[in-house]
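Residues per chain, in single letters:
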Amino acid sequence: MTEREKMQSGQWYCCLDPELEAMRTRARHAVHAHNTSPPDIRGAMAPELQALFAQTGSDCYLEAPFHCAYGLNIHLGARVYFNAGCVILDTAAVRIGDDSMFGPHVQIYCAQHAKDPVKRAQGLEIGRPVTIGRNVWVGGGAIVLPGVTIGDNAIIGAGSVVTKDVTAGETIVGNPARPLDRA
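Residues numbered from 1 in each chain as written. Predicted model: local features only at pLDDT ≥ 70, side-chain atom pairs only at ≥ 80, totals over all residues. Heavy atoms only, no water.

**Some words on the pattern of salt bridges**
Counting across every chain of the model gives six salt bridges. D98 serves as the salt-bridge partner of R134, at 3.4 Å between the closest nitrogen and oxygen. With R134 in the loop between β13 (130-132) and β14 (137-138) and D98 in the loop between β8 (94-96) and β9 (101-102), this residue pair connects regions lying 36 residues apart in the sequence. Given a relative accessible area of 48%, R134 falls into the partly exposed group. (Salt bridge = Lys/Arg side-chain N within 4 Å of Asp/Glu carboxyl O. Helix = DSSP H or I, 4+ residues; strand = E, 2+ residues; numbered from the N terminus. Buried < 20%, exposed > 50% of the residue type's maximum accessible area, 1.4 Å probe, protein only.)

Now the structure itself:
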C-alpha cells in the first residue's frame, strides 16, 4: 500500500511521503488563493478551495484566513460557517452537518502522532475521523481532537478542548471539555 492509501484507510503511515507532500502543496495553493483574494472577488469560498474539498453544501462561508492540510477529506453540509483563523488538519474524514457554525480560531485535528519518539521522528502518524453533527455551535478558540464525534445541536464553549465524544444537544466547556453542569 502507498502511504496515501494507508492514511485513507486509517492505518499508520509516514507523513513525509512525496505523494502526501504534493497533496499538501496543492492544498496550500488553494488556501493561499482563498486567503489572498479580495472578499468581493473570492465570495464565500475561493473556487480553488471549493474544488479541493470532498463536499461543500450550498451557502457555506469560510472567512479568511483559513487553513487545511489536504482539503480532500473535508465534507461540509449546507450553510456551514467558519469564522476567521480556523484550521482543519484533515488527515482523515472531517464531516460537518448542515447549519453548523465555528467561531474564530477553531481547530479540528485528525492527525495523531506516534507516542514513541523514534517513530514520531520518522513521521509516523495515524488519522482519526472527526464528525460534527447538524446545527452545532463551536465557540472561538475551541480545539477538537482526533476521533471525536459531536452530536446534533451540541454547543462547545469557547476555548474548550474536546477530547471525547459529545452527545446530541449537550453543552460542554473547559479543558478537557465536560458538560456544563459539571464544569
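**With respect to the pairing of strand β7 (residues 86-89)**
Two elements, strand β4 (residues 66-68) and β7, share three bridges in a ladder whose sense is parallel. Looking at β7, one finds that C68 is bridged to I88. By the bridge criterion, three bridges tie β7 to strand β10 (residues 107-109) in an arrangement that is parallel. Residue pairing in the sheet places V87 in a bridge with Q107 of β10. (Pairing = 2+ DSSP bridges.)

Read these as layout, nothing more, since geometry by itself doesn't imply function.
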